[in-house]
Amino acid sequence: MDHIGVVGLSYRHASVEDVARFAIPKGELEARLPELRAALRGAEVVFLATCNRVEVIFATGDASAAGDLRGAVFRALRGRDPELGEAAEALRAWTGEAAVEHVFLLACGLNSAQAGEHEITAQLRSAWESARTAEVCGPTLNRLMNEALSMANRVHRLSAASRPPSLSDIAVERVLAYCGERRGPVALVGVSPMTRRCAQHLHDAGLPLWIVNRTAEVAEEWAHSLGARCMPLTEFRAAPPDVAAVIIAAGGSGAILDEAALRALSQAASTSPLIIDFGLPPNVEPSAAQAAGLTRIGMNEVIEATGEQRLTQLLRLAPVRAAIDERLARLRNELATRAIGHRLADLRDSFEGIAAAQMNELLADGLRGLDENERQLLRRFARTLARRLAHLPLAGIRAAAPHANADTVDAFFRAARLQRTFHAGDVDDSTKEHPEPS
């Protein structure tokens, strides 16, 4: 696990605006992922950006221990060198087992603002697919992502009877409270997981819906399943319908609804509509909404609303935390054993080789009068004895490897190589002394 790392920032220590500065616009992702990998010295990379976090998950290209790459990530995502201490202040870093644990907690929703929410699983899967499409992901991160998403699916099955709320649920609650008895239409801009979940809950509550998207064809099937009407984004900007609220979560590097579109929205509505903006960066600039006289709720306000519920959710999800620890321990043992497997085999072969060489010398000298059957019997005995003598140190390092760092494991094999070289090259027969290697 030592060669896996994560660098990122989230709602825990950064504002939505700060997170947005490190996000790669969706349209630029395919071109910039190879650049990000190059900035991290050829590492495998998965890049995740959501409405409240950015995560760069990486594995070193040469299996060396992952270092603190906050400076490299800062330069790659911000396009400039950080000032003294700026990268360390803006970003957080995890390496080794801590990085793997972070990815597991992330996939299962335990690091989300709304603890236990499920949307993050789909977002992480999409980020993994993007990395594979861009060919910047390899066997290490493929295995990690598969394990993390498998763990998340298990957690979701465990909590299926009591699905935790998500940020979209909070948005729906705000819309229903704002609409009151009016029950006016709600426009959903974009076809993201956020807007889809909001739409389903609003449909279940009996509110009429408008589905708005850049390409109307993409949204038509979804709109039809909800009994909703559909409208292209360009038409919605110029001539919006009368709606009580707008929930917007669309990709892009700038505002989706500018001040002119917001004024048109305000003028078309019988009462001032509520805007809930999940965009990262914002799909509706706060100043533009204020200038148009509209109430806007952004991600900062939505995240703040989750604070009171977070501790309760984490306590309820304690069994999930235990399941993650169990999976993490199993993965630690498996990866550690796999990482040293060939070295263990080489060491065992060396034990057998030394024993065979010594036995051949003995058979050529003091025991040269034995017949071939007797010789083969002694050779088999030497090989069996070598395996039994090798078993204790090999079993010991195999058990210790999951709990030791890479330097400790390397030190063991270096010392073992020195000892094997000394005995194989310098000991001629059983009558010579065997000094301890230095």
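Before any of the text, the structure's been laid out above.
Rules used in this analysis
Residues numbered from 1 in each chain as written. Predicted model: local features only at pLDDT ≥ 70, side-chain atom pairs only at ≥ 80, totals over all residues. Heavy atoms only, no water. Pairing = 2+ DSSP bridges. Helix = DSSP H or I, 4+ residues; strand = E, 2+ residues; numbered from the N terminus. Axes fitted to C-alpha atoms, helices over the stretch in contact; angles between N-to-C directions. Expected span 1.5 Å × (residues − 1). Buried < 20%, exposed > 50% of the residue type's maximum accessible area, 1.4 Å probe, protein only. Patch = residues over 30% accessible without salt bridge, like charges linked within 9 Å, V, L, I, M, F, W, Y side chains within 5 Å. Areas by Shrake-Rupley, 256 points an atom, 1.4 Å probe, with all protein chains shown as cover. Salt bridge = Lys/Arg side-chain N within 4 Å of Asp/Glu carboxyl O. Lys, Arg positive; Asp, Glu negative; His and termini not counted. Charge placed at Lys NZ, Arg CZ, Asp CG, Glu CD. Phe/Tyr/Trp six-rings, centres within 6.5 Å; stacked < 30°, edge-to-face > 60°. Lys NZ or Arg CZ within 6 Å of the ring centre and 35° of its normal. Parallel < 35°, antiparallel > 145°, perpendicular 65-115°, else oblique. Left-handed = near helix turned anticlockwise from the far one by under 90°. Contact = heavy atoms within 4.5 Å. Nonpolar A, V, L, I, M, F, W, Y, C, P; charged D, E, K, R; others polar.

A. Representation of the sheet that holds strand β2 (residues 44-49). Spatially, the four strands line up as an open sheet ordered β2-β3-β1-β4, and their pairing is antiparallel. Here the strands that pair on one side only, and so sit at the sheet edges, are β2 and β4 (92-95). Taken over all neighbouring pairs, the strand axes of this sheet differ in orientation by 15 degrees on average, direction set aside. Here strand β1 (residues 4-10) pairs with β4 via four bridges, running antiparallel.

B. Inspection of unusual backbone geometry at higher detail. Even without glycine at this site, Glu135 takes up a positive phi of about 60 degrees. With respect to the helices and strands, Glu135 occurs in the loop between α6 (119-133) and α7 (139-158).

C. Representation of α6. The end-to-end C-alpha distance of α6, which contains 15 residues, comes to 21 Å, matching closely the 21 Å that a straight helix rising 1.5 Å per residue would cover. All buried positions along α6 are accounted for by Glu119, Ile120, Thr121, Gln123, Leu124, Ala127, Trp128 and Ala131. Note on α6: the residue one or two positions beyond its end, Glu135, has a positive phi of about 60 degrees.

D. How the structure looks around the sheet that holds strand β10 (residues 295-297). Ordered by their spatial adjacency, six strands build an open sheet running β7-β6-β5-β8-β9-β10, and the pairing between neighbours is parallel. The open sheet is flanked by β7 (229-232) and β10, the only strands paired with a single partner. Averaged over all adjacent pairs, the angle separating strand axes in this sheet is 20 degrees, with direction ignored. Inspection of the sheet shows strand β9 (residues 274-277) paired to β10 by three bridges, in the parallel sense. Counterpart to Ile276 in the pairing with β10 is Ile297.

E. Structural context of the environment of Leu347. Within the secondary structure layout, Leu347 lies in helix α15 (residues 318-364). Along the chain, Leu347 and Ala416 lie 69 residues apart, while their C-alpha atoms are 7.7 Å from each other.

F. Quick peek at the environment of Arg398. With respect to the helices and strands, the residue Arg398 is situated in helix α16 (residues 372-400). Distance in space between the C-alpha atoms of Arg398 and Leu344 is 8.2 Å, their sequence separation being 54 residues.

G. Region of interest: a negative patch on the surface. Taken together, Glu17, Glu285, Glu301 and Glu304 make up a surface patch of like negative charges. With respect to the secondary-structure elements, Glu285 resides in the loop between β9 and α13 (286-291).

H. Quick peek at the pattern of salt bridges. Evaluated as defined, the whole model comprises twelve salt bridges. For Glu372, the salt bridge identified is with Arg379, shortest N-O distance 3.7 Å. Exposure remark for Glu372: the relative accessible area of 45% places this residue in the partly exposed category. Its relative accessible area of 27% is what places Arg379 among the partly exposed residues.

I. Looking closely at helix α3 (residues 70-78). Of the positions making up α3, those classed as buried are Arg70, Ala72, Val73, Phe74 and Leu77. Remark: Gly79 follows α3 within two positions and exhibits a positive phi of approximately 75 degrees.

J. Looking closely at the packing of aromatic side chains. The tally for this structure, following the rule as stated, stands at one aromatic pair. An angle of 75 degrees between the planes, with centres 5.5 Å apart, marks the rings of Phe22 and Phe74 as edge-to-face. You can see Phe22 sitting in helix α1 (residues 16-22) and its partner Phe74 sitting in helix α3, a full 52 residues away along the chain. With a relative accessible area of 2%, Phe22 lands in the buried category. Residue classification places Phe74 among the buried positions, given a relative accessible area of 0%. Directly above the ring of Phe22 sits Arg78, whose terminal nitrogen or CZ lies 5.2 Å from the centroid.

K. Structural view of the pairing of strand β3 (residues 53-59). Across the seven residues of β3, seven count as buried, placing the element largely inside the fold. Burial along β3 is two-sided: the residues Arg53, Glu55, Ile57 and Ala59 and Val54, Val56 and Phe58 are all buried. Relative to β3, β1 runs antiparallel, the two being bridged by seven bridges. Considered in β3, the bridge of Val6 is made with Ile57. Counting the residues between successive antiparallel strands, the hairpin from β2 to β3 contains three residues.

L. Geometry of the packing of helix α2 (residues 29-39) against α3. Remark: α2 packs on α3, axes separated minimally by 9 Å, with the N-to-C direction vectors making an angle of 155 degrees. The orientation of α2 with respect to α3, classified from their angle, is roughly antiparallel. Seen along the crossing, α2 lies across α3 with a hand that is right-handed. Facing Arg32, Leu36 and Ala39 of α2, the residues of α3 in contact are Ala72, Ala76 and Leu77. Along the lines of polarity and charge, the residues of the contact of α2 with α3 split into five nonpolar, no polar and one charged.

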